[in-house]
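Now for the letters of each chain:
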Amino acid sequence: MVRNTATSVVTIDRFIIEQEREHPGATGALSGILTDLALAAKMIANKVRAAGLADVLGSAGQENVQGEVQQKLDIIANETIVKAMDHGGRLCCMASEEMEEIIPIPDKFPTGKYVLLFDPLDGSSNIDVNVPVGTIFSVLSQRSTGTHGTLADALQPGSTQVAAGYVIYGSSTMLVYSTGTGVHGFTLDPLLGEFLLSHPNIRIPTTGRYLSVNDSYEEHWAEPVRALMRRYRGLDGKRAAMNVRYVGSMVADFHRNLLGGGLFAYPANAKSPGGKLRLLYECNPLAFICEQAGGAAIDGVQRVLDVQPTELHQRTPIYLGSKDDVAIASEMLGAH
Ligand code: AHM
Ligand code: MG
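Residues numbered from 1 in each chain as written. Chains lettered and ligands numbered in written order. Predicted model: local features only at pLDDT ≥ 70, side-chain atom pairs only at ≥ 80, totals over all residues. Heavy atoms only, no water.

### What to know about the packing of helix α6 (residues 223-232) against helix α9 (residues 323-333)
Point 1. Viewed as axis vectors pointing N to C, α6 and α9 meet at an angle of 145°, and their least axial separation amounts to 10 Å. Along this stretch, α6 crosses α9, giving a crossing that reads as right-handed. Residues Pro 224, Val 225, Ala 227, Leu 228, Arg 231 and Tyr 232 of α6 pack against Asp 325, Ile 328, Ala 329, Met 332 and Leu 333 of α9.
Point 2. Classifying every residue of the contact of α6 with α9 gives 9 nonpolar, no polar and 2 charged. (Axes fitted to C-alpha atoms, helices over the stretch in contact; angles between N-to-C directions. Helix = DSSP H or I, 4+ residues; strand = E, 2+ residues; numbered from the N terminus. Left-handed = near helix turned anticlockwise from the far one by under 90°. Contact = heavy atoms within 4.5 Å. Nonpolar A, V, L, I, M, F, W, Y, C, P; charged D, E, K, R; others polar.)

This is the structure:
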């Protein structure tokens, strides 16, 4: 008797199609966006993997052996996503952390009813020292009625996101996303060149082991923030001490805490009173993923996903992670 020893391999394409089948009214446009993003992620992963070779292959401003002009990786990542996404007929506009204004869909291409917001290479200042970096994305439905989207289409609260996700270029490349029905993670098989389902239905532990915060800003924090951090470190005797882990790459810090439990914080400080991280490209998508996994996210005053954005590049403080740990922040900071 021949025994079937093959395991069931679920590629990201298959998973996306199977999820689409659960929504009989779906047009396939959202699935197409996710598939195109997965391709862009693979292209960026290739570039990130070779980052250390940049000097070997040609210095900035010169052509490398492939005849390409060397560019900063975050610019390359930005262009890769724009070019992968602008022609599919599914988007009415895009916006990127790397670009000042809304990115229109060129007139030669059809448009669609979705908006894509993204941070092409978050944590890119870490590239030179081989620390994980990431891509973060958020998908919204168009609100305006014209063929091309407007600024108002991008300025929607995070609670209206129809999909969000991130890619982490770490010891392996992973894509993690949610369309509002749980959070699912895929690991890039470098030999197959395919993202394979490796982490179905991710749930963040309700209380966490890790605290991720840059405490070199401590002297610039308000006293309630300092007291909160003392609580997390177990210094006021009211909570077991958390372990401090800070990569300085939000995707990497968030990803570790999502799987292991914990809290990522980037509080407002006297030097950056509005916080540092971007609401639309970083905080909303990761807050959406976190809530979908059973966690929470606040800005110190309210739920991140309830904030009505007023500017494309708006910044916000954030406390993001395990539900019980975010609840402590809500209580000690007086958030509602
Ligand atoms: P970037 O978008 O310019 O890369 O900045 C965002 C990054 C996050 O990945 C990270 O959490 C944060 O900046 C680190 O900032 P700091 O060095 O102030 O702790
Ligand atoms: Mg960023």
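### Here's the deal with the layout of surface pockets
Point 1. Taken as a whole, the second largest pocket holds about 390 Å³ of empty space.
Point 2. Class assignment of the residues belonging to the lining of the second largest pocket gives a composition of 7 nonpolar, 6 polar and 10 charged.
Point 3. Here the lining of the second largest pocket spans two domains, since at least three of its residues come from each of domain 1 (12-199) and domain 2 (210-333). (1 Å grid on protein atoms, 1.4 Å probe; cavity = no way out; pocket = protein on both sides within 12 Å on 5 of 7 lines; lining within 4 Å. Points joined across faces, edges and corners; volume = space filled by probe spheres on them. Domains from an automatic or database assignment.)

### Some details on the pattern of salt bridges
Point 1. Inspection of the entire model under this criterion finds 11 salt bridges.
Point 2. With a shortest N-O distance of 3.5 Å, Arg 278 and Glu 97 are connected by a salt bridge. With Arg 278 in the loop between β11 (262-266) and α8 (279-292) and Glu 97 in the loop between β1 (91-96) and β2 (103-104), the pair connects residues that are 181 residues apart, well separated along the chain.
Point 3. Here Arg 278 falls in the buried class, since its relative accessible area comes to 15%. (Salt bridge = Lys/Arg side-chain N within 4 Å of Asp/Glu carboxyl O. Buried < 20%, exposed > 50% of the residue type's maximum accessible area, 1.4 Å probe, protein only.)

### A look at helix α7 (residues 250-260)
Three or four residues apart is the spacing at which side chains of an α-helix point the same way, because the helix has 3.6 residues per turn.
Point 1. Here α7 lies mainly inside the structure; 10 of its 11 residues are buried.
Point 2. When we look at burial in α7, the residues that qualify are Met 250, Val 251, Ala 252, Asp 253, Phe 254, His 255, Arg 256, Asn 257, Leu 258 and Gly 260.
Point 3. Backbone geometry just after α7 places Gly 261 at a positive phi near 90°.

### Focus on the packing of aromatic side chains
Point 1. Tallied over the entire structure, the rule returns 6 aromatic pairs.
Point 2. Ring centres of Phe 15 and Tyr 177 lie 6.5 Å apart, and the angle between their planes is 85°; on these two criteria the pair is classed as edge-to-face. Residue Phe 15 is located in helix α1 (residues 12-21), and its partner Tyr 177 is located in strand β6 (residues 173-178); the two are separated by 162 residues in the primary sequence. Both residues of the pair, Phe 15 and Tyr 177, belong to the buried class.
Point 3. Taking the centre distance of 5.2 Å and the plane angle of 70° together, the rings of Phe 15 and Phe 186 count as edge-to-face. (Phe/Tyr/Trp six-rings, centres within 6.5 Å; stacked < 30°, edge-to-face > 60°.)

### Things to note about the coordination of the magnesium ion (ligand 2)
Point 1. Coordination of the magnesium ion (ligand 2) by the protein comes from Glu 97 (OE), Asp 119 (OD), Asp 122 (OD) and Glu 282 (OE), over a distance range of 1.9 to 2.6 Å.
Point 2. Summarised as a motif, the one-chain spacing of the donors to the magnesium ion (ligand 2) is E-x21-D-x2-D-x159-E. Of the two residues, Asp 119 is situated in strand β3 (residues 114-122) and Glu 282 in helix α8; the sequence distance between them amounts to 163 residues.
Point 3. Relative accessible area serves as the criterion here: at 4%, Glu 282 is assigned to the buried category. (Donors = N, O, S within 2.8 Å, 3.2 Å for Na, K, Ca; no water.)

### What about the pairing of β6?
Point 1. In terms of residue burial, β6 counts as a mostly covered element, since 6 of its 6 residues are buried.
Point 2. In β6, alternate side chains face the same way, and those of Thr 173, Leu 175 and Tyr 177 on one face and Met 174, Val 176 and Ser 178 on the other are all buried.
Point 3. Relative to β6, strand β5 (residues 163-169) runs antiparallel, the two being bridged by 6 bridges. Residue pairing across strands places Gly 165 opposite Tyr 177, the latter belonging to β6.
Point 4. Counted along the chain from β5 to the antiparallel partner β6, the turn is 3 residues long.
Point 5. As paired elements, β6 and strand β7 (residues 184-189) share 4 bridges and run antiparallel to each other. From the neighbouring strand, Met 174 faces β7, where its bridge partner is Thr 187.
Point 6. In this antiparallel pair of consecutive strands, β6 and β7, the connection spans 5 residues, and Gly 180 shows a positive phi of 100°. (Pairing = 2+ DSSP bridges.)

### Remarks on the environment of Ala 329
Point 1. For Ala 329, the position within the fold is in helix α9.
Point 2. Look at Ala 329 and you get buried, because its relative accessible area is 0%.
Point 3. Separated by 66 residues in the primary sequence, Ala 329 and Leu 263 place their C-alpha atoms 9.8 Å from one another.
Point 4. Ignoring sequence-local partners within four residues, the contact set of Ala 329 consists of Leu 228, Tyr 232, Ile 298, Tyr 319 and Gly 334.

### Focus on the pairing of strand β8 (residues 194-199)
Point 1. One ladder, built from 5 bridges, connects β7 with β8; its direction is antiparallel. In the sheet register, Phe 186 faces β8, and the bridge partner there is Leu 197.
Point 2. Connecting the antiparallel pair β7 and β8 is a turn made up of 4 residues, with Gly 193 showing a positive phi of about 70°.

### Structural notes on the domain arrangement of the protein
Point 1. Per the domain assignment, the segments making up the protein are domain 1 (12-199) and domain 2 (210-333).
Point 2. A C-alpha centroid distance of 24 Å is found between domain 1 and domain 2.
Point 3. Residue-level contacts link 44 residues of domain 1 with 31 residues of domain 2.
Point 4. For the domain 1 and domain 2 pair, buried surface summed over both sides reaches about 2,700 Å², with 66% attributable to carbon and sulfur atoms.
Point 5. Summed over the shared surface of domain 1 and domain 2, the result is 12 residue pairs in polar contact (both at pLDDT 80 or more).
Point 6. For the side of domain 1 that touches domain 2, the secondary-structure elements that each account for two or more residues are β1, β3, β4 (133-141), α5 (151-154), β5 and β6.
Point 7. Per-element accounting of the side of domain 1 that touches domain 2 gives the leading share, 6 residues, to β5.
Point 8. Residues of the side of domain 1 that touches domain 2, tallied by class, amount to 23 nonpolar, 16 polar and 5 charged. (Buried area = accessible area lost by both parts, 1.4 Å probe. Polar contact = N/O pair within 3.5 Å; in protein donor to acceptor, adjacent residues only side chain to side chain.)

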